[in-house]
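This is what each chain is made of:
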Amino acid sequence: MSVQAIIFDLDETLIEDRQATQCALRKACLYAQARVQLDSARLRIDAYRHAKLLWAEAPTYAYCHAIGISASEGMWGRFEGETPDIQALFQWAPVFQQLLWKRALAEQDIINDELAEELAACFREERRSCYRVFSDVEAVLSTLKQRYALALLTNGAPDLQREKIRASGLEQYFDTIAVSGEVGIGKPEPEIFVHVLQELGVAPEQAVMVGDSLPRDIAGSYHSGMRGMWINRYDDVCQEEYRPMIASQISVLDELEAVL
């Protein structure tokens, strides 16, 4: 059956995430180095490590894992919304954002709550200035939109993902957009893929999923009856368990149309 629709992931498929996070971390740590005597490179590593450890211990972790909200997003998200889970995250996030810096500073024997709060604010500001759409994205989406129905399916908190989408300017290319935090379920659960397919009005066999995450995008689309196209921008190693689930592999979106 011919392809009629293409579903895209957002982070690391259309827009940068890991590079943007590291950029903001470097700038925040250089700010700290200008304030007190410390090793900014070490602070960057420690801050990210403590962020991941704290996030996994958080009372909101089960929800964040299911919806697909990462520790790096927790470092700058506002988490505004009306659901109990989002409200709990709204309460926890400021504590988390300051505590990770407090613990990272303590690794270098610096006990300074005021500086930790400043670094949390600095990271949030710098991360919001680091939005970047991959250079191949807009031209490819513009071309594909003439032939296919396009959807965006992204895990994450509603306000944060919508902020990214607005900042990227990519909303115009999609016939439908689904954010896991709005739908109430995240990738790789088949239900969210079914939701998008219904919005597009196509069968699983008529759609392909393009994403960077093997466990969420590729496995999720595979178990939903779709073909999964793995975009591997950073030459990551594919775990053996996912190889049978990958219909095609590309390194840039420019290769997608030829594969289709």
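Residues numbered from 1 in each chain as written. Predicted model: local features only at pLDDT ≥ 70, side-chain atom pairs only at ≥ 80, totals over all residues. Heavy atoms only, no water.

Enquirer: What is the right way to look at the environment of E241 in this model?
Expert: Relative to the helices and strands, E241 is located in the loop between β5 (227-231) and β6 (246-250). Separated by 27 residues in the primary sequence, E241 and L214 have C-alpha atoms spaced 9.6 Å apart. (Helix = DSSP H or I, 4+ residues; strand = E, 2+ residues; numbered from the N terminus.)

Enquirer: I would appreciate a short explanation of the packing of aromatic side chains in the present structure.
Expert: Counting across every chain of the model gives four aromatic pairs. Ring geometry for F8 versus F174: centroids 6.3 Å apart, planes at 65 degrees, classification edge-to-face. In this pair, F8 is assigned in strand β1 (residues 5-8) and F174 in the loop between α8 (158-168) and β3 (176-179), connecting sequence segments 166 residues apart. Each of the two residues, F8 as well as F174, counts as buried. Geometrically, the ring pair formed by W92 and F96 is tilted, given 6.1 Å between the ring centres and 35 degrees between the ring planes. (Phe/Tyr/Trp six-rings, centres within 6.5 Å; stacked < 30°, edge-to-face > 60°. Buried < 20%, exposed > 50% of the residue type's maximum accessible area, 1.4 Å probe, protein only.)

Enquirer: Is there a simple way to explain the pairing of strand β2 (residues 149-154) in this structure?
Expert: A regular strand carries its side chains on alternate faces of the sheet. For β2, a buried count of five out of six residues is recorded, marking the element as mostly surrounded by other parts of the structure. Here β1 runs beside β2; their pairing, made up of four bridges, is parallel. Across the sheet, the residue bridging to I6 is L150, located in β2. Of the pairings in the sheet, the one linking β2 to β3 comprises four bridges and is parallel in character. Paired with A151 across the strands is T176, a residue of β3. In this fold, β2 hands off to α8, which returns the chain to β3; that crossover is right-handed. (Pairing = 2+ DSSP bridges. Right-handed = clockwise from strand over helix to strand, strands pointing away.)

Enquirer: Sorry if this is basic, but what is going on with the sheet that holds β2 here?
Expert: Strand pairing in a sheet is mediated by backbone hydrogen bonds. Such pairs are either parallel or antiparallel. Pairing in this open sheet of six strands is parallel, and the strands run β3-β2-β1-β4-β5-β6 from one edge to the other. Across the chains shown, the open sheet's two edge strands, defined by having one partner strand only, are β3 and β6. Across this sheet, the average inter-strand angle for adjacent strands is 20 degrees, counted without regard to direction. The pairing of β1 with strand β4 (residues 207-211) spans four bridges and is parallel. Residue pairing for β4: I7 is matched across the bridge by M209. Along the sheet face, helix α11 (residues 214-222) touches β4, β5 and β6 and points at about 155 degrees away from the line of β5. (Axes fitted to C-alpha atoms, helices over the stretch in contact; angles between N-to-C directions. Contact = heavy atoms within 4.5 Å.)

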